[in-house]
Each structure stands twice: as structure tokens, then as C-alpha cells.
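One-letter residues, chain by chain:
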Amino acid sequence: MTRRGLLIILSSPSGAGKSTLARHLRAWDPTIRFSVSATTRPPRPGETDGRDYHFVTEVEFKRMVRDGEMLEHAHVFGNFYGSPRGPVQDAIDAGCDVLFDIDWQGAQQIANSALSPHVLSVFVLPPSIGELRRRLVSRGQDAAEVIAKRMQRSWDEISHWGGYDYVLVNDDLDATAARLETIVTAERLRRSQQPGLLAHVRTLQEEFEETA
Ligand code: ADP
Ligand code: 5GP
């Protein structure tokens, strides 16, 4: 039976582990498409243009917003970030789930859009602030002042946890990834995600009436 694609939104303070969880989820089900955001921030070591982000200039970013090419966009840590609309629409039309690694501002914009019935939003909390700092440092990809700025902003992000459908405390990685898989499995069975149900129940009714 056909199903509608979910818009799976993962948010967290920087360093809590949402990119890692996103990778786990896509390894668990490779049909889940990742919404590659556009950003004006420079690439980190190991990041690939077109895979991790579309790295664009501020002029190009603003043009995309002006031309209505962004599903949502926000200013985070002094840089612009946004989710291009086209690939998301293509995925939904094909019945595929789309995974977003975006902040609370973007999550709110998508939750308030026409796509809201198909949104699954998950907030990832760190087990402690000390562990959040350790993870940011151990990732080893940001300069000390960038880490300090991200730590300062972490409470701003955490303060929006209450607007999400689900909240995961990312203590043990494998356990958290398994919880996320459980949530996605259940959400795929939401009535609104199964457009074929009505036809199926009608068939059941016809069969019922023929045999009754
Ligand atoms: P975010 O995308 O939220 O900024 P990352 O996924 O990049 O965070 O994770 C930050 C760092 O923490 C990475 O080095 C990652 O390997 C590590 N990490 C993620 N989840 C866990 C976990 N449950 N336990 C220990 N380390 C983790
Ligand atoms: P980073 O620079 O660590 O990759 O991301 C910084 C923050 O920007 C993270 O909270 C991340 O989720 C958020 N972010 C990444 N892409 C987007 C996007 O397209 N839209 C919004 N609103 N936030 C994004």
C-alpha cells in the first residue's frame, strides 16, 4: 500500500549529535532522503559541497530566498541557512521521507506551512552541558571562538524543546538511534500517512457485504 512521505525534522543545540543520528537513520533506511541545506558558512574539513551543504555566497542565498526557492530559512551563528524547496517536493511526490537537520526557527516555519500534517519533529538533548562541550571540542572541526559562540547559543536552542513532537536525550548513541527508528516506524503508520487506507477499507466493506 502506498504511503505519504514524512518530513522528519531533527533539531538540537550544536554538538548534541543530530548529524550523527541523521547518518544512523539513513543507514537504517537508505530510502530516506536528506534535505541538503544551503548555507553561507564556509565548509568544515571533510564536508562536501552538494552532500553536506550547498555552500553558497550571501548574494546567491538572498536570490534563492527572493525567488521563493526556500521552504524555510534562518540566520544562525552569523550565517544564513535554508532548505531548498524543490528536492523536498520531489521526495514527497515520490512517497519518500525527507530528513532535515535544521534549527528551531526552520522547524517552526515548516510546522506552520501547508506541509504540517506530514511533519515529524524530534528534538535532541545532550545528557549534560559538560558533555555537550566535550562533544563540540572532540568533534575537532571548529575553532575555539566558534565553539564558544555555539555554547553560548546552546541555551537559546534548548529553550525551544517544548515545541517538538518527540524529545530524545542522546546519552548512549546506539540506544538513541534505536529510539529514533522506533519513532519513525510508528509515525509512518499514522492514518494521515496512509492515503490508500480509504480504498482498502472500502474493499473490505464490499467483501464484508458480499459474504455477510
Ligand atoms: P550536531 O550535528 O548536533 O552538531 P554531531 O552529530 O556533529 O552534533 O556530534 C558532535 C560530536 O559528538 C561528534 O564528534 C559525534 O561523534 C559525537 N557524538 C554524537 N552522539 C554521541 C553520543 N551519544 N555519545 C558520544 N558522542 C557522541
Ligand atoms: P552547522 O553549522 O553546525 O552545520 O549548523 C548550525 C545550525 O544550523 C544547526 O542547528 C543546524 O541544524 C542549523 N541548520 C542547518 N541547516 C539549516 C537550514 O537549512 N535551516 C535552518 N533553519 N537551520 C539549519
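Residues numbered from 1 in each chain as written. Chains lettered and ligands numbered in written order. Predicted model: local features only at pLDDT ≥ 70, side-chain atom pairs only at ≥ 80, totals over all residues. Heavy atoms only, no water.

Enquirer: Lay out the site of ligand 1 in plain terms, naming residues and giving numbers.
Expert: Residues in contact with ligand 1 amount to 15 residues; listed here are only the nearest, Gly 15, Ser 19, Thr 20, Arg 139 and Asn 170. Within the contact set of ligand 1, a nitrogen atom lies 3.2 Å away from a side-chain nitrogen or oxygen of Arg 135. Separating a nitrogen atom of ligand 1 from a backbone N or O atom of Leu 173 is a distance of 3.4 Å. Within the complex, the protein chains bury 78% of what would otherwise be the 570 Å² of accessible surface of ligand 1. Breaking the shell around ligand 1 down by element, the ones donating at least two residues are α1 (18-28) and α5 (129-139). For the shell around ligand 1, the element with the most residues is α1, which contributes 3 residues. Classifying every residue of the shell around ligand 1 by side-chain character gives 3 nonpolar, 7 polar and 5 charged. (Near = heavy atom within 4 Å. Polar contact = N/O pair within 3.5 Å; in protein donor to acceptor, adjacent residues only side chain to side chain. Areas by Shrake-Rupley, 256 points an atom, 1.4 Å probe, with all protein chains shown as cover. Helix = DSSP H or I, 4+ residues; strand = E, 2+ residues; numbered from the N terminus. Nonpolar A, V, L, I, M, F, W, Y, C, P; charged D, E, K, R; others polar.)

Enquirer: Go over the packing of aromatic side chains, please, and point to the residues and values.
Expert: Geometrically, a pair of aromatic rings is defined through the distance of the ring centres and the angle of the planes. This model, assessed by the stated rule, comprises 4 aromatic pairs. Ring plane angle 55 degrees and centroid distance 5.7 Å describe the contact between Tyr 53 and Phe 55, whose orientation is recorded as tilted. When its relative accessible area of 19% is taken as the criterion, Phe 55 is described as buried. By way of ring pairs, the aromatic residues Tyr 53, Phe 55 and Tyr 81 are connected into one cluster. (Phe/Tyr/Trp six-rings, centres within 6.5 Å; stacked < 30°, edge-to-face > 60°. Buried < 20%, exposed > 50% of the residue type's maximum accessible area, 1.4 Å probe, protein only.)

Enquirer: Now, about the pattern of salt bridges: what can you tell me, with residues and values included?
Expert: On inspection of all chains with the given rule, the structure shows 15 salt bridges. Salt-bridge contacts for Arg 188 lead to Asp 29; the nearest nitrogen and oxygen are separated by 2.7 Å. With a gap of 159 residues between them, Arg 188 in the loop between α7 (173-187) and α8 (197-211) and Asp 29 in the loop between α1 and β2 (33-34) connect regions that are remote in the sequence. Take Arg 188 and Asp 29: they sit in the same class, and that class is buried. Of the charged contacts in the structure, one is a salt bridge between Arg 63 and Glu 60, with a shortest N-O distance of 3.2 Å. Here Arg 63 and its partner Glu 60 are both found in helix α2 (residues 58-66), 3 residues apart, which amounts to about one turn of the helix. Glu 60 gets classed as partly exposed once you look at its relative accessible area, which sits at 30%. Here the residues in one salt-bridge network are Arg 3, Asp 29, Asp 97 and Arg 188, joined through shared partners. (Salt bridge = Lys/Arg side-chain N within 4 Å of Asp/Glu carboxyl O.)

Enquirer: Please provide a residue-by-residue account of the sheet that holds strand β8 (residues 119-125), values included.
Expert: One open sheet holds the 5 strands; their spatial order is β2-β7-β1-β8-β9, and the pairing between them is parallel. Where the open sheet ends on each side, the last strands, each with one partner, are β2 and β9 (166-169). Across 4 bridges, β8 lies against β9 in parallel orientation. For Val 122, the partnering residue across the bridge sits in β9 and is Tyr 166. Along the sheet, α7 contacts β1 (7-11), β8 and β9; its crossing angle with β9, the most-contacted strand, is approximately 165 degrees. (Pairing = 2+ DSSP bridges. Contact = heavy atoms within 4.5 Å. Axes fitted to C-alpha atoms, helices over the stretch in contact; angles between N-to-C directions.)

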